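Okay, here's what each chain looks like letter by letter:
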Amino acid sequence: MTQTIAPRVRTLVLLILAVAGALLAGAAPVSAHAALTGSDPAQGAVVDTAPSQVSLTFSEPIAVGDDSVRVLDPKGERVDKGDPANPSGTTYSVRLVSGLPDGTYTVAYQVVSADSHPVAGAFTFSIGAPSETTVSVSAQGSDDGLVGWLYGFGRYVSYAGFVVLAGGAAFVLACWAPGARVRAVQRLVVSGWLALTAATLGLLMLRGSYTTSGKVGDVFDLELLGDVLQSKTGAALVSRLLLLAAAALFIAVLFGAYARTADAVEPYRDAEDDGGGDDGGPDKRDLTFGLALGGTVVAAGLAASWAMSEHASQGLQAGVAMPVDVVHLLAVAAWLGGLTALLVALYRAPVETPVGRDAVRRFSRLAFGSVVTLAVTGVYQSWRQLGSWSAFTDTRYGQLLLVKIALVAVMVAVAFLSRRWTRRLADARVSEAAEDAERTEAPERVEEAVRAEEAERAEEAVRAEATERAEEAERAEATERAEATERADEKQPAGTAPAEASRTSEASMAIEASDASDAEKAEAGQDSVRAAQLARQRAAAEAARQKRLRDADPNRFGLRRSVLAEAGVAVVLLAVTTVLTQTEPGRTEQDARAAAATSSSASATGQGSGAVSLTMPFDTGGKNGKGVVSIDLDPAQAGDNALHVYVEGPDGTPVDVPEVKMALTLAAQNIGPLPVAPDHVTTGHWSATRVQIPMAGDWKVEVTVRTSDIDQVTVSKNAQIG
């Protein structure tokens, strides 16, 4: 039966990997996790006078370089000067040369978000009136193309390596201690370590090109590599490599000292036994505890290298989100990695070290705990990244999350079938006991037969040695008699022919006896060789018979098939998770859409008719706490100014909130904050007159929006006054 199963298993695994690869490679170029939520001048705006700077506002902090923001005139010449600055919050600006002529200008930006993903884009604004432009900004970002694909594949391999490494080791320590002596399990865990190490080194080399030019030739640029090592992501990758060195020591102890203390065959304990097969005395318990503690610390450190540099490190409640993300990754590794180790054990474990029903039960309990942990941490992460029910269907992140939830549900259903097969294994008490007895007695019978053959060969060797000694004594006696006869003949006179004939006859008899002894010894040696060959053949035949009996068990066969199906779904689930980690969170995507919709609405309704118009998305974190606030300040000069504040919901409709207040600060002159309390005019509209601005400069405009008694947030943006 196994000869027909093995090709099917290999074919199914290859198909699963192909589907996962197609899913990973065929995914659309992922958006970054920081989004452009506003700009000044706004996208497509037409301003009367040339601005002194261009400001960009993102949904989260970003990293900028010398050429991160470029402003090009209609001929394609750069008109920005100096490096980008960060005057406040998530707003970044670059100054422009003075005396810009009328026409259409292009703003191109390429930055790195705080959660390590590149952000690229471009938009235009016009001075005086729109004009033709020769600028053609490519829509392809640095995360597209070959380098982007390699970086995404490296992330997939790193996740898979971590899952196999941490989950396989956890399966051995918590569920199946004899697995430490199984070569297939050892190769699985070591392969996970090698995959994670190689992927981490590859990501470190690709990182510089991935976040800048996207060119293959820049992969080996040492200057870019130095920049990467100074970034948060580079520090996380280097930390991961150091932790992998500690993981190598852990693996050496697990498959060295710990494996030598593990039982060769796991006893088939009763259902009440919850142990992991480590009842080997105090020394083994101490070693198991030390490995479990050290392994947990190393695995948590490896998981933290992702949590501290990606989604969890930015946004709402980052201090809570990062530990939750670590727990989430550890639960994934325990479930999926342990499942992979169980699959290898069911198909590749030798006959003398079978994986028993108690090991499967222990893993079933471990998997159940992992699923519960994943559910709790997943609900929190979903709320944090989506923020609303509509984001499940309106954003790419939410759609991928629904696919992931469906795959997890399928895995849980298949796991339920696996539990049924495990229960059937446990219920077959009589047949199991007979099989255990046969498994135990068969090697003993083979060993007794071998010992009997060895004893027989030893006895034959003793008899042969005794015979040889007797023959030597006989030959010595015959020689002495011959010598005595010869001496007697020398003393006798002539005519001694009869005595000489007698000596010849005795010598012939001695030679014949020696030949017969040699023939008996040769025959005895051939018999011992044949006996050894026969014993080996019997042992091999017995092992093959035991394997056939094990594979013919319908309960074990059903468990194999269900675990294989579960592992196949897990491969696709891991691919979806990898794509999900590279996709812009739904909350950020909706904020960017709301900002763009508000900007368009303001242009259409004339709200942007003031000298300065600012648009800022907000999220108080409470119910109905998301929206966009727009500010019009006219004439935006020193002295009296008219102020209008507009508040809209995510869908662009005006909404009322309990309170809106403002403050103006000129940090360069230590002026402010100057409070402004606008009056409510109509739904979603507040205004104030005679707002005094004492002098010109780069003023910081802060708006505080309160959506309930306890939920409020302050957003800010800089504006050039005068």
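None of the values given here were measured: they were computed from a predicted structure.

1. So, the overall build of the chain
And step 1. Helices and strands together make up the secondary structure of the chain, namely 15 helices and 18 strands.
And step 2. Counting over 722 residues, the chain shows a buried share of 46%.
And step 3. Nonlocal contacts in the chain, meaning residues at least 24 apart in sequence, comprise 73% of its contacts between residues at least 6 apart.
And step 4. Carbon and sulfur atoms form 58% of the exposed surface of the chain, whose accessible area is close to 34600 Å².

2. Some remarks on the sheet that holds strand β13 (residues 659-666)
And step 1. The sheet built from four strands is open, its strands ordered β14-β13-β17-β18 with antiparallel pairing. Looking along the sheet, the strands with just one partner apiece sit at the ends: β14 (671-676) and β18 (712-721). Neighbouring strand axes in the sheet, compared pairwise and without regard to direction, differ in orientation by 20° on average.
And step 2. Looking at chain direction, β13 and strand β17 (residues 697-706) are connected through seven bridges and run antiparallel. In the sheet register, M662 faces β17, and the bridge partner there is V703.

3. Side note on the side chain of T665
And step 1. Structurally, the position occupied by T665 is in strand β13.
And step 2. When neighbours within four sequence positions are excluded, T665 is seen to be in contact with I671, G672, P673, D698, W699, K700 and E702.

4. Digging into the packing of helix α2 (residues 145-174) against helix α5 (residues 232-254)
And step 1. At their nearest, the axes of α2 and α5 sit 13 Å apart, and the two run at 30° to each other. Relative to α5, α2 is oriented roughly parallel. For the element pair α2 and α5, the recorded crossing hand is left-handed. Contacts from Y151, S158, L165, A169, V172 and L173 in α2 reach T233, R240, L244, A247, F250, I251 and L254 in α5.
And step 2. Looking at the contact of α2 with α5 residue by residue, the classes come out as ten nonpolar, two polar and one charged.

5. A closer look at the packing of aromatic side chains
And step 1. Applying the stated criterion across every chain, the model contains eleven aromatic pairs.
And step 2. Measuring from ring centre to ring centre gives 5.5 Å for W149 and F153, while their planes differ by 5°; the resulting arrangement is stacked. Taken together, the residues W149 and F153, both in helix α2 and four residues apart, mark about one turn of the helix.
And step 3. Among the residues examined, F153 registers a relative accessible area of 38% and is labelled partly exposed.

6. Focus on the nonpolar core
And step 1. Among the nonpolar cores identified, the biggest contains 71 residues, and F162, W176 and L254 are the most heavily contacted of them.
And step 2. The next biggest cluster of nonpolar side chains, apart from the first, holds 28 residues, and it includes V645, W686, A688 and A719.

7. Thoughts on the pairing of strand β16 (residues 685-693)
And step 1. Where strand β12 (residues 639-648) meets β16, seven bridges bridge the pair, whose relative direction is antiparallel. Bridge pairing links G639 to I693 in β16.
And step 2. With three bridges connecting them, strand β15 (residues 679-682) and β16 associate as antiparallel partners. Looking across to β16, one finds that T682 is bridged to H685.
And step 3. Taken together, β15 and the strand that follows it, β16, pair antiparallel across an intervening segment of two residues, in which G684 is found at a positive phi of about 75°.

8. Thoughts on the confidence of the model for the chain
And step 1. Confidence along the chain averages 76 in pLDDT terms, with 70% of residues attaining 70 or more.
And step 2. Confidence over residues 1-9 falls short of pLDDT 50; this stretch has nine contacts with residues more than four positions distant or in other chains.

9. Notes on the pattern of salt bridges
And step 1. Applying the stated criterion across every chain, the model contains five salt bridges.
And step 2. Here R78 makes a salt bridge to D80, at a shortest N to O gap of 2.8 Å.
And step 3. By relative accessible area, R78 is classed as partly exposed at 39%.
And step 4. Take D80: its relative accessible area is 11%, and that puts it in the buried class.
And step 5. Here R706 ties to E659 by a salt bridge, and the two come within 3.0 Å at their closest N and O atoms. On the criterion of sequence distance, the pair formed by R706 in strand β17 and E659 in strand β13 is long-range, its members being 47 residues apart.
And step 6. Sharing partners across several salt bridges, the network here consists of E659, R706 and D709.

10. Points about the environment of L203
And step 1. For L203, the location among the structural elements is in helix α3 (residues 183-211).
And step 2. In the structure, L203 is positioned 52 residues away from Y151 in sequence and 6.2 Å away in space, judged by C-alpha atoms.
And step 3. Leave out the neighbours within four places in its chain, and L203 touches Y151, G154, R155, S158, L237 and R240.

11. A closer look at unusual backbone geometry
Outside of glycine, negative phi angles account for most residues, and trans bonds account for most peptide bonds.
And step 1. The step from D40 to P41 runs through a cis peptide bond, and the omega angle for that step is 5°.
And step 2. Residue position: P41 is located in the loop between β1 (36-40) and β2 (46-47).
And step 3. Although it is not a glycine, N624 adopts a positive phi angle of roughly 50°.
And step 4. With respect to the element layout, N624 can be found in the loop between β10 (612-619) and β11 (626-634).
And step 5. You can call N624 exposed: its relative accessible area is 67%.

What counts, and at which threshold
- Residues numbered from 1 in each chain as written.
- Predicted model: local features only at pLDDT ≥ 70, side-chain atom pairs only at ≥ 80, totals over all residues.
- Heavy atoms only, no water.
- Helix = DSSP H or I, 4+ residues; strand = E, 2+ residues; numbered from the N terminus.
- Buried < 20%, exposed > 50% of the residue type's maximum accessible area, 1.4 Å probe, protein only.
- Contact = heavy atoms within 4.5 Å.
- Areas by Shrake-Rupley, 256 points an atom, 1.4 Å probe, with all protein chains shown as cover.
- Pairing = 2+ DSSP bridges.
- Axes fitted to C-alpha atoms, helices over the stretch in contact; angles between N-to-C directions.
- Parallel < 35°, antiparallel > 145°, perpendicular 65-115°, else oblique.
- Left-handed = near helix turned anticlockwise from the far one by under 90°.
- Nonpolar A, V, L, I, M, F, W, Y, C, P; charged D, E, K, R; others polar.
- Phe/Tyr/Trp six-rings, centres within 6.5 Å; stacked < 30°, edge-to-face > 60°.
- Core = buried A, V, L, I, M, F, W, Y, C linked by side-chain atoms within 4.5 Å.
- pLDDT = per-residue confidence, 0-100.
- Salt bridge = Lys/Arg side-chain N within 4 Å of Asp/Glu carboxyl O.

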